[in-house]
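# Fold and contact review
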Amino acid sequence: MPNKTLGKIVGVDVGGTFTDLVLLDATGQVKLAKVPSTLENQAFGVLDALTQADAILPEVDLIVHGTTTTTNAVLERKLSKTGLITTQGFRDVLELGRRTRPQAYGMFGEFIPIIPRNLRIEVPERMLADGSVHIPLDIASVKQAAKKLLEDGCESVVIHFLHSYANPDHEQMAASLVAECWPNEYITMGHALLSESREFERGVTAAVNASVQPLLQRYVDRLVSELAEKGYKHDVLVMNGNGGMVSLLLLRVRRQKR
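Residues numbered from 1 in each chain as written. Predicted model: local features only at pLDDT ≥ 70, side-chain atom pairs only at ≥ 80, totals over all residues. Heavy atoms only, no water.

### What about a nonpolar patch on the surface?
Inclusion rule: Here, patches come from residues exposed beyond 30% relative accessible area and free of salt bridges, joined within 9 Å for like charges and within 5 Å for nonpolar side chains (Val, Leu, Ile, Met, Phe, Trp, Tyr). Working definition of accessibility: Shrake-Rupley area with a 1.4 Å probe, residue cover restricted to the visible protein chains. A side-chain nitrogen of Lys or Arg and a carboxyl oxygen of Asp or Glu constitute a salt bridge if their distance falls within 4 Å. Put simply, DSSP H or I for four residues or longer makes a helix, DSSP E for two residues or longer makes a strand, and each gets a number counted from the N terminus.
The grouping of I9, V22, L24, V30 and L32 at the surface amounts to a nonpolar patch, some 410 Å² of accessible area in total. Elements supplying a minimum of two residues to the nonpolar patch: strand 2 (18-24) and strand 3 (30-36). Relative to the elements of secondary structure, L32 occurs in strand 3.

### Notes on helix 5 (residues 169-179)
In plain terms, the rule: We call a residue buried when its accessible area falls under 20% of the maximum for its residue type, exposed when it is over 50%, and partly exposed in between, using a 1.4 Å probe and counting protein chains only. Directions drawn from the helix axis to the C-beta atoms are what define this arc.
Those residues of helix 5 that fall on the buried side of the exposure criterion are H170, E171, A174, A175, L177 and V178. One side of helix 5 holds all its buried residues, which, seen down the axis, span an arc of 160°.

### Quick look at the nonpolar core
Here is the rule: By convention a nonpolar core is built from buried Ala, Val, Leu, Ile, Met, Phe, Trp, Tyr and Cys residues, the set being connected through side-chain atoms within 4.5 Å. When checking whether two residues touch, look at their non-hydrogen atoms; a contact exists if any pair is within 4.5 Å.
Ranked by internal contacts, the top residues of the largest apolar core, which has 26 residues, are V10, L21, L50, L57, I63 and L227. Those elements that place two or more of their residues in this core are strand 1 (8-14), strand 2, strand 3, helix 1 (42-52), strand 4 (60-67), helix 7 (199-229) and strand 11 (236-239). Setting aside its immediate chain neighbours within four residues, V10 contacts L21, V22, L23, L50, V60, L62, I63 and V64. In this structure, L94, L137, C154 and A174 belong to the second largest nonpolar core, which totals 25 residues.

### So, the side chain of S164
Cut-off, in case you're wondering: A 3.5 Å cut-off defines polar contacts: any pair of N or O atoms within that distance qualifies, except that in protein one atom must be a possible hydrogen donor and the other a possible acceptor, and neighbouring residues in sequence count only when both atoms are side-chain atoms.
Its place among the elements puts S164 in the loop between strand 9 (156-160) and helix 5. For S164, a relative accessible area of 1% puts it in the buried group. At 3.2 Å, the side chain of S164 forms a polar contact with the side chain of R202. Contact partners of S164, with chain neighbours within four places excluded, come to E171, H191 and R202.

### Quick notes on the pattern of salt bridges
A complete count under the given rule lists 10 salt bridges for this structure. Note that K34 and D20 form a salt bridge whose closest N and O atoms lie 2.7 Å from each other. A residue pair is termed long-range when its members are at least 10 positions apart, and K34 in strand 3 and D20 in strand 2 qualify at 14 residues. K34 sits in the partly exposed class, given a relative accessible area of 47%. The structure contains a network of salt bridges with shared partners spanning D92, E95, R117 and R120.

### Focus on the environment of A33
Locating A33 in the fold gives a position in strand 3. With relative accessibility at 5%, the residue A33 sits in the buried group. With 18 residues separating them in the primary sequence, A33 and T51 have C-alpha atoms 8.7 Å apart. Beyond its immediate chain neighbours, meaning those up to four positions away, A33 contacts T19, D20, L21, A49, Q52 and A53.

### Here we look at the pairing of strand 5 (residues 82-87)
Two faces belong to every sheet, and in a regular strand the side chains alternate between them. In plain terms, the rule: In this scheme, strands are said to pair when DSSP sees at least two bridges between them.
Counting buried positions along strand 5 yields 6 of 6 residues, so the element is predominantly enclosed. For strand 5 and strand 9, the ladder comprises 5 bridges, and the chain directions are parallel. When the sheet's bridge partners are listed, T86 is paired in strand 9 with H160. One ladder, built from 4 bridges, connects strand 5 with strand 6 (residues 120-123); its direction is parallel. Considered in strand 6, the bridge of T86 is made with E122.

### Focus on the packing of helix 2 (residues 69-76) against helix 7
Helix packing for two helices is described by the angle between their axes and how far apart those axes are. Rules: A fitted line through C-alpha atoms represents every axis, and for helices the fit uses only the stretch in contact; the resulting angles, taken between N-to-C directions, go from 0 to 180 degrees. Angle categories are assigned with fixed cut-offs, so that under 35 degrees is roughly parallel, over 145 is roughly antiparallel, 65 to 115 is roughly perpendicular, and the rest are oblique. Helix crossings get a hand from a simple test, with the near helix turned counterclockwise from the far one by less than a right angle marking a left-handed crossing and a clockwise turn marking a right-handed one. Side-chain classes are defined by residue name, with Ala, Val, Leu, Ile, Met, Phe, Trp, Tyr, Cys and Pro counting as nonpolar, Asp, Glu, Lys and Arg as charged, and the others, Gly among them, as polar.
The N-to-C vectors of helix 2 and helix 7 enclose an angle of 130°; their axes lie 9 Å apart at closest approach. Regarding the angle of helix 2 to helix 7, the classification is oblique. Crossing of helix 2 against helix 7: the hand is right-handed. When helix 2 is examined against helix 7, the residues T69, T70, A73 and V74 are found in contact with a partner set consisting of V208, V212, L215, L216 and Y219. Per-class residue counts for the contact of helix 2 with helix 7 are 7 nonpolar, 2 polar and no charged.

Laid out in structure tokens, this is it:
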């Protein structure tokens, strides 16, 4: 069998303060780079690190990328404006939580949800815990809610209905209705991310995803474009929170097909 020589591999991590890079070539030689992150466009920090490591992008076969972009956005509350469409009577689930308070045995506490109350809209519908329909989904109310959130300047929307883990039909129907007028793909269904009981946990997971999705997508698109302009011709793998990796090229192809 022919002996295939491994090409150059880059591992880069973009943090809130520094961007760190490791370049490994076919001989096993390692080069390191550490540069300040460029918060206005973090892709520039990646390019600066590549330059410092003397990386020639047309000769690089793979870039593996990790980032705290979304984590920092959540911690600093620098998020995309996001709305919520939920079951009638349950728009305060995100705010009530699990009685989590700064003083565990006190009567008062403060928790500020990612999605403010004025952007949480209720619609008539109700699934029971066994997955049966108690109240059919009000189609007109869903359309009206989507229109209202767009008028309020929302970029993302969460569809979060009671007991959708048992039966996601209403969430899927609502997402299809919203997609008819929503100008982008940033529509998150609660059951699609965490198909488990407990409305607060499922709702918060969906809210975080929806509020950071546009930020991460814009960064990823800028990064891929900047790398391509500098001659990079291969894939970029991004690390997930579970330690795995996902292909940016594959994600972009899926988006274009929608």
